[in-house]
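Examining the three-dimensional arrangement
These are the residues of each chain, in order.
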Amino acid sequence: MALFQKKADYQVDMDHLPQHIAIIMDGNGRWAKKRGLPRTAGHAAGAETFRTVATFAKDIGLQYLTVYAFSTENWKRPPEEVAAIMSLLEKYLHEAIGRMARDKVKMAFFGDLSPLAPKLQTLCHETEEISKGYDGCQVNICLNYGGRDEVMRAAMAYAQACVEGRADPNHLTQEQFGNWLYSAGIPDPDLIIRPSGEQRISNFLLWQCAYAEFYYTDVLWPDFSKDELLKAIASYQNRSRRYGGI
Ligand code: IPE
Ligand code: IPE
Ligand code: MG
(Lines give C-alpha, C1' and ligand atoms only; values in the text may rest on other atoms or scores of the structure.)
(Ligands and ions follow the chains in the order given, each with its own letter.)
Protein backbone atom coordinates (compact mmCIF):
# COMPACT_ATOMS: atom_id res chain seq x y z
CA MET A 1 0.00 0.00 0.00
CA ALA A 2 1.54 3.33 -1.07
CA LEU A 3 1.23 5.75 1.81
CA PHE A 4 1.85 9.43 1.94
CA GLN A 5 2.60 10.53 5.47
CA LYS A 6 3.04 14.08 6.69
CA LYS A 7 4.71 14.42 10.10
CA ALA A 8 2.27 11.80 11.39
CA ASP A 9 -0.52 14.43 11.16
CA TYR A 10 -2.34 12.50 8.54
CA GLN A 11 -1.85 9.54 6.29
CA VAL A 12 -3.09 9.09 2.75
CA ASP A 13 -3.46 5.76 1.00
CA MET A 14 -2.39 6.77 -2.49
CA ASP A 15 -3.75 3.51 -3.94
CA HIS A 16 -7.30 4.32 -2.90
CA LEU A 17 -7.85 7.93 -3.81
CA PRO A 18 -11.38 9.19 -4.29
CA GLN A 19 -12.27 8.97 -7.96
CA HIS A 20 -13.76 12.46 -8.15
CA ILE A 21 -13.03 15.51 -5.99
CA ALA A 22 -14.97 18.76 -6.31
CA ILE A 23 -13.85 22.06 -4.82
CA ILE A 24 -15.71 25.31 -4.08
CA MET A 25 -12.81 27.72 -4.55
CA ASP A 26 -13.94 30.27 -1.96
CA GLY A 27 -12.25 32.94 0.16
CA ASN A 28 -10.32 34.97 -2.42
CA GLY A 29 -11.89 38.26 -1.34
CA ARG A 30 -11.18 37.74 2.36
CA TRP A 31 -7.62 36.66 1.61
CA ALA A 32 -7.05 39.98 -0.20
CA LYS A 33 -8.82 42.03 2.49
CA LYS A 34 -6.59 40.56 5.19
CA ARG A 35 -3.60 41.89 3.24
CA GLY A 36 -5.09 45.29 2.44
CA LEU A 37 -5.23 44.34 -1.24
CA PRO A 38 -8.08 44.76 -3.75
CA ARG A 39 -10.38 41.72 -4.10
CA THR A 40 -9.05 41.19 -7.62
CA ALA A 41 -5.62 40.42 -6.14
CA GLY A 42 -7.33 37.62 -4.22
CA HIS A 43 -8.76 36.22 -7.44
CA ALA A 44 -5.32 36.33 -9.07
CA ALA A 45 -3.84 34.44 -6.10
CA GLY A 46 -6.76 32.00 -6.25
CA ALA A 47 -6.05 31.31 -9.93
CA GLU A 48 -2.46 30.40 -9.00
CA THR A 49 -3.74 28.02 -6.33
CA PHE A 50 -6.00 26.39 -8.89
CA ARG A 51 -3.01 25.84 -11.16
CA THR A 52 -1.02 24.24 -8.33
CA VAL A 53 -3.85 22.04 -7.08
CA ALA A 54 -4.92 20.89 -10.57
CA THR A 55 -1.34 19.96 -11.47
CA PHE A 56 -0.94 18.09 -8.19
CA ALA A 57 -4.25 16.27 -8.69
CA LYS A 58 -3.03 15.09 -12.09
CA ASP A 59 0.37 14.08 -10.66
CA ILE A 60 -1.12 11.90 -7.92
CA GLY A 61 -3.43 10.22 -10.43
CA LEU A 62 -6.81 11.67 -9.51
CA GLN A 63 -9.33 10.87 -12.24
CA TYR A 64 -11.75 13.79 -11.93
CA LEU A 65 -11.43 17.25 -10.42
CA THR A 66 -14.37 19.65 -10.64
CA VAL A 67 -13.94 23.25 -9.53
CA TYR A 68 -16.48 26.01 -8.96
CA ALA A 69 -15.03 29.10 -10.64
CA PHE A 70 -18.06 31.36 -11.20
CA SER A 71 -21.65 30.79 -10.16
CA THR A 72 -24.91 31.90 -11.78
CA GLU A 73 -25.25 34.17 -8.70
CA ASN A 74 -21.79 35.73 -8.99
CA TRP A 75 -23.10 38.21 -11.62
CA LYS A 76 -24.47 40.15 -8.62
CA ARG A 77 -20.92 41.38 -7.94
CA PRO A 78 -19.61 44.76 -9.12
CA PRO A 79 -18.95 44.69 -12.90
CA GLU A 80 -15.26 45.48 -12.34
CA GLU A 81 -14.84 42.38 -10.19
CA VAL A 82 -16.71 40.18 -12.71
CA ALA A 83 -14.53 41.58 -15.51
CA ALA A 84 -11.36 40.86 -13.51
CA ILE A 85 -12.43 37.23 -12.89
CA MET A 86 -13.24 36.78 -16.60
CA SER A 87 -9.91 38.20 -17.68
CA LEU A 88 -8.06 35.88 -15.26
CA LEU A 89 -9.95 32.95 -16.77
CA GLU A 90 -8.96 34.06 -20.23
CA LYS A 91 -5.32 34.33 -19.22
CA TYR A 92 -5.43 30.90 -17.57
CA LEU A 93 -7.01 29.21 -20.61
CA HIS A 94 -4.47 30.76 -22.97
CA GLU A 95 -1.67 29.31 -20.85
CA ALA A 96 -3.45 25.98 -20.42
CA ILE A 97 -3.82 25.60 -24.20
CA GLY A 98 -0.08 26.21 -24.55
CA ARG A 99 0.71 23.50 -21.99
CA MET A 100 -1.91 20.99 -23.02
CA ALA A 101 0.14 18.70 -25.22
CA ARG A 102 2.55 18.27 -22.31
CA ASP A 103 0.08 18.08 -19.40
CA LYS A 104 -2.50 15.89 -21.17
CA VAL A 105 -5.20 17.12 -18.81
CA LYS A 106 -8.68 16.85 -20.26
CA MET A 107 -10.71 19.97 -19.62
CA ALA A 108 -14.47 20.46 -19.75
CA PHE A 109 -16.82 23.27 -18.74
CA PHE A 110 -20.04 22.96 -16.78
CA GLY A 111 -22.40 25.90 -17.14
CA ASP A 112 -24.09 28.13 -19.67
CA LEU A 113 -21.24 29.79 -21.52
CA SER A 114 -23.48 31.87 -23.81
CA PRO A 115 -23.44 35.09 -21.72
CA LEU A 116 -19.63 35.12 -21.67
CA ALA A 117 -17.55 37.28 -24.00
CA PRO A 118 -17.23 35.60 -27.42
CA LYS A 119 -13.44 35.46 -27.04
CA LEU A 120 -13.73 33.56 -23.75
CA GLN A 121 -16.35 31.20 -25.20
CA THR A 122 -14.03 30.43 -28.12
CA LEU A 123 -11.19 29.70 -25.71
CA CYS A 124 -13.41 27.34 -23.68
CA HIS A 125 -14.49 25.44 -26.79
CA GLU A 126 -10.93 25.31 -28.10
CA THR A 127 -9.69 23.93 -24.77
CA GLU A 128 -12.39 21.24 -24.77
CA GLU A 129 -11.72 20.37 -28.38
CA ILE A 130 -7.92 20.08 -28.03
CA SER A 131 -8.09 17.96 -24.89
CA LYS A 132 -10.99 15.73 -26.00
CA GLY A 133 -8.73 12.78 -26.80
CA TYR A 134 -6.78 12.84 -23.52
CA ASP A 135 -7.69 10.15 -21.04
CA GLY A 136 -5.71 11.10 -17.94
CA CYS A 137 -7.08 13.48 -15.32
CA GLN A 138 -10.25 15.37 -16.27
CA VAL A 139 -10.69 18.86 -14.89
CA ASN A 140 -14.20 20.32 -15.07
CA ILE A 141 -14.46 24.06 -14.63
CA CYS A 142 -17.87 25.29 -13.49
CA LEU A 143 -18.37 28.61 -15.16
CA ASN A 144 -21.64 30.52 -14.97
CA TYR A 145 -22.76 27.32 -13.27
CA GLY A 146 -25.66 26.82 -10.87
CA GLY A 147 -26.98 23.48 -9.66
CA ARG A 148 -30.61 24.53 -9.98
CA ASP A 149 -29.98 26.00 -13.41
CA GLU A 150 -28.36 22.73 -14.48
CA VAL A 151 -31.27 20.58 -13.28
CA MET A 152 -33.80 22.96 -14.82
CA ARG A 153 -32.03 22.93 -18.19
CA ALA A 154 -31.89 19.15 -18.08
CA ALA A 155 -35.65 19.04 -17.36
CA MET A 156 -36.36 21.37 -20.27
CA ALA A 157 -34.16 19.39 -22.67
CA TYR A 158 -35.79 16.15 -21.55
CA ALA A 159 -39.28 17.64 -21.95
CA GLN A 160 -38.36 18.79 -25.46
CA ALA A 161 -37.08 15.31 -26.32
CA CYS A 162 -40.40 13.87 -25.08
CA VAL A 163 -42.38 16.31 -27.24
CA GLU A 164 -40.29 15.30 -30.25
CA GLY A 165 -40.69 11.59 -29.50
CA ARG A 166 -36.99 11.07 -28.76
CA ALA A 167 -37.71 10.24 -25.10
CA ASP A 168 -40.56 8.48 -23.33
CA PRO A 169 -42.15 10.57 -20.53
CA ASN A 170 -43.33 7.40 -18.75
CA HIS A 171 -39.89 5.90 -18.38
CA LEU A 172 -37.05 7.84 -16.85
CA THR A 173 -34.37 6.49 -14.53
CA GLN A 174 -32.01 8.57 -12.39
CA GLU A 175 -29.18 7.35 -14.55
CA GLN A 176 -30.93 8.49 -17.72
CA PHE A 177 -31.75 11.87 -16.20
CA GLY A 178 -28.08 12.28 -15.26
CA ASN A 179 -27.26 12.13 -18.96
CA TRP A 180 -29.07 15.43 -19.51
CA LEU A 181 -26.78 17.19 -17.04
CA TYR A 182 -23.47 18.92 -17.75
CA SER A 183 -21.82 16.06 -15.87
CA ALA A 184 -23.18 13.37 -18.22
CA GLY A 185 -20.95 10.31 -18.13
CA ILE A 186 -18.90 11.52 -15.16
CA PRO A 187 -19.22 9.74 -11.78
CA ASP A 188 -20.67 11.78 -8.90
CA PRO A 189 -18.11 13.54 -6.70
CA ASP A 190 -16.91 11.40 -3.80
CA LEU A 191 -15.53 14.36 -1.88
CA ILE A 192 -16.57 18.02 -1.93
CA ILE A 193 -14.10 20.45 -0.39
CA ARG A 194 -15.05 23.96 0.71
CA PRO A 195 -12.33 26.21 2.06
CA SER A 196 -12.93 29.66 3.63
CA GLY A 197 -14.93 28.52 6.67
CA GLU A 198 -18.36 28.62 5.00
CA GLN A 199 -20.37 25.45 5.48
CA ARG A 200 -22.86 25.65 2.66
CA ILE A 201 -23.28 24.27 -0.85
CA SER A 202 -24.02 27.60 -2.61
CA ASN A 203 -25.83 25.95 -5.52
CA PHE A 204 -22.94 23.59 -6.41
CA LEU A 205 -23.59 20.13 -7.96
CA LEU A 206 -27.01 19.80 -6.29
CA TRP A 207 -27.95 16.62 -8.14
CA GLN A 208 -24.50 15.05 -8.01
CA CYS A 209 -23.76 15.70 -4.31
CA ALA A 210 -26.41 13.25 -3.05
CA TYR A 211 -23.86 10.94 -1.37
CA ALA A 212 -20.71 13.08 -1.47
CA GLU A 213 -18.55 13.40 1.64
CA PHE A 214 -18.08 17.03 2.68
CA TYR A 215 -14.85 18.56 3.94
CA TYR A 216 -14.74 22.09 5.28
CA THR A 217 -11.68 24.05 6.27
CA ASP A 218 -11.08 27.61 7.47
CA VAL A 219 -8.11 27.96 5.11
CA LEU A 220 -8.87 30.57 2.44
CA TRP A 221 -8.62 29.31 -1.15
CA PRO A 222 -5.44 31.26 -2.08
CA ASP A 223 -3.72 29.60 0.93
CA PHE A 224 -4.96 26.13 0.00
CA SER A 225 -2.06 23.83 -0.89
CA LYS A 226 -1.10 20.28 -1.88
CA ASP A 227 -0.93 19.50 1.84
CA GLU A 228 -4.46 20.77 2.40
CA LEU A 229 -5.67 18.54 -0.44
CA LEU A 230 -3.94 15.52 1.07
CA LYS A 231 -5.43 16.36 4.48
CA ALA A 232 -8.91 16.43 2.93
CA ILE A 233 -8.26 13.08 1.23
CA ALA A 234 -7.01 11.60 4.51
CA SER A 235 -10.21 12.77 6.23
CA TYR A 236 -12.25 11.21 3.40
CA GLN A 237 -10.41 7.91 3.75
CA ASN A 238 -11.36 7.75 7.43
CA ARG A 239 -15.07 7.88 6.79
CA SER A 240 -17.56 5.12 6.35
CA ARG A 241 -19.85 5.59 3.37
CA ARG A 242 -23.07 3.69 3.88
CA TYR A 243 -25.37 5.01 1.15
CA GLY A 244 -28.33 4.40 3.40
CA GLY A 245 -27.29 0.85 4.22
CA ILE A 246 -25.76 -0.41 7.45
C1 IPE B 1 -14.39 32.90 -4.54
O2 IPE B 1 -13.90 33.85 -3.65
C3 IPE B 1 -14.33 33.37 -5.97
C4 IPE B 1 -15.64 33.54 -6.61
C5 IPE B 1 -16.78 33.37 -6.04
C6 IPE B 1 -15.64 33.94 -8.00
P7 IPE B 1 -14.81 35.03 -3.13
O8 IPE B 1 -14.63 36.20 -4.04
O9 IPE B 1 -16.21 34.61 -2.93
O10 IPE B 1 -14.12 35.33 -1.73
P11 IPE B 1 -14.86 35.78 -0.41
O12 IPE B 1 -15.89 34.76 -0.10
O13 IPE B 1 -15.45 37.12 -0.68
O14 IPE B 1 -13.77 35.82 0.61
C1 IPE C 1 -19.39 30.03 -4.30
O2 IPE C 1 -18.81 31.06 -3.58
C3 IPE C 1 -19.11 30.22 -5.77
C4 IPE C 1 -17.71 30.06 -6.17
C5 IPE C 1 -16.71 29.77 -5.39
C6 IPE C 1 -17.46 30.23 -7.57
P7 IPE C 1 -19.63 32.37 -3.18
O8 IPE C 1 -18.69 33.25 -2.45
O9 IPE C 1 -20.30 32.95 -4.38
O10 IPE C 1 -20.76 31.77 -2.23
P11 IPE C 1 -21.61 32.48 -1.09
O12 IPE C 1 -22.13 33.77 -1.65
O13 IPE C 1 -20.68 32.71 0.06
O14 IPE C 1 -22.67 31.50 -0.74
MG1 MG D 1 -17.19 33.80 -1.35
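Placed above this text is the structure.
The following refers to the structure shown. (Residues numbered from 1 in each chain as written. Chains lettered and ligands numbered in written order. Predicted model: local features only at pLDDT ≥ 70, side-chain atom pairs only at ≥ 80, totals over all residues. Heavy atoms only, no water.)

**Some words on the overall build of the chain**
When its secondary structure is counted, the chain shows seven helices and eight strands. What you see for the chain is a C-alpha radius of gyration of 19 Å, in line with the 18 Å of a compact globule of 246 residues. Projected onto the principal axes, the alpha-carbon positions of the chain cover approximately 60 × 50 × 35 Å. Taken across its 246 residues, the chain has 49% of its residues classed as buried. Look at the contacts in the chain between residues 6 or more apart in sequence, and 73% of them connect residues 24 or more apart. Total accessible area on the chain stands at roughly 12,600 Å², and carbon and sulfur atoms take up 52% of it. Across the chain, the 28 positively charged side chains and the 30 negatively charged ones have centroids separated by 5 Å. (Helix = DSSP H or I, 4+ residues; strand = E, 2+ residues; numbered from the N terminus. Rg over C-alpha atoms; globule rule 2.2 N^0.38 Å. Buried < 20%, exposed > 50% of the residue type's maximum accessible area, 1.4 Å probe, protein only. Contact = heavy atoms within 4.5 Å. Areas by Shrake-Rupley, 256 points an atom, 1.4 Å probe, with all protein chains shown as cover. Lys, Arg positive; Asp, Glu negative; His and termini not counted. Charge placed at Lys NZ, Arg CZ, Asp CG, Glu CD.)

**Regarding the packing of aromatic side chains**
Summed over the entire model, instances satisfying the criterion amount to twelve aromatic pairs. Consider the rings of Tyr158 and Trp180, whose centres lie 6.1 Å apart with planes at 70 degrees: the pair is edge-to-face. One end of the pair, Tyr158, is in helix α5 (residues 147–163); the other, Trp180, is in the loop between α6 (174–178) and β7 (191–194), with 22 residues separating them in the sequence. Classification of Tyr158 by relative accessible area gives buried; the value is 11%. By relative accessible area, which is 31% here, Trp180 ends up partly exposed. Centre to centre, the rings of Tyr211 and Tyr243 are 5.3 Å apart; their planes meet at 50 degrees, and the pair counts as tilted. A residue pair is termed long-range when its members are at least 10 positions apart, and Tyr211 in the loop between β7 and β8 (213–216) and Tyr243 in the segment after α7 (226–237) qualify at 32 residues. Among the aromatic side chains, those forming a connected cluster through ring pairs are Tyr68, Phe110, Tyr145, Tyr182 and Phe204. (Phe/Tyr/Trp six-rings, centres within 6.5 Å; stacked < 30°, edge-to-face > 60°.)

**Description of the side chain of Thr66**
Of note, Thr66 is situated in strand β4 (residues 64–71). Judged by its relative accessible area of 0%, Thr66 is buried. A polar contact is formed between the side chain of Thr66 and the side chain of His20, at a distance of 2.6 Å. Those residues in contact with Thr66 that lie beyond four places of it in its chain are His20, Ile21, Ala22, Ile23, Phe110, Asn140, Cys142, Phe204 and Leu205. (Polar contact = N/O pair within 3.5 Å; in protein donor to acceptor, adjacent residues only side chain to side chain.)

**Some thoughts on the site of ligand 1**
Around ligand 1 lies a shell of 13 residues, among which Asp26, Gly29, Arg30, Arg39 and Arg77 are the nearest. Between ligand 1 and Asn28, the relevant distance is 3.1 Å, taken from an oxygen atom to a main-chain nitrogen or oxygen of the residue. Out of a free accessible area of 380 Å², ligand 1 has 87% covered by protein chains. Elements with a contribution of two residues or more to the shell around ligand 1: α1 (28–34), α2 (39–60) and α3 (79–103). Of the residues forming the shell around ligand 1, the biggest block, three residues, is contributed by α1. (Near = heavy atom within 4 Å.)

**Examining the pattern of salt bridges**
Following the criterion strictly, the structure yields 22 salt bridges and no others. Glu48 is the partner of Arg51 in a salt bridge, and the nearest nitrogen-oxygen pair spans 3.0 Å. Taken as a pair, Arg51 and Glu48 lie in helix α2 at a separation of three residues, close to a single helical turn. Owing to a relative accessible area of 40%, Glu48 belongs among the partly exposed residues under this scheme. Between Arg166 and Glu164 there is a salt bridge, with the nearest N and O atoms lying 2.9 Å from each other. When salt bridges with common partners are traced through the structure, they connect Asp26, Arg30, Arg194, Glu198 and Arg200 into a single cluster. (Salt bridge = Lys/Arg side-chain N within 4 Å of Asp/Glu carboxyl O.)

**Concerning the sheet that holds β8**
Judged by pairing direction, the sheet is parallel, and its six strands sit side by side in the order β5-β6-β4-β3-β7-β8 without closing on themselves. Each edge of the open sheet carries a strand with a single partner, namely β5 (106–110) and β8. Direction aside, neighbouring strands of the sheet carry axes that sit 20 degrees apart on average. The pairing of β5 with strand β6 (residues 138–145) spans five bridges and is parallel. Within β6, the position partnered with Ala108 by the bridge is Asn140. Relative to β4, α2 is tilted by about 160 degrees, and along the sheet it contacts β3 (20–24), β4 and β6. (Pairing = 2+ DSSP bridges. Axes fitted to C-alpha atoms, helices over the stretch in contact; angles between N-to-C directions.)

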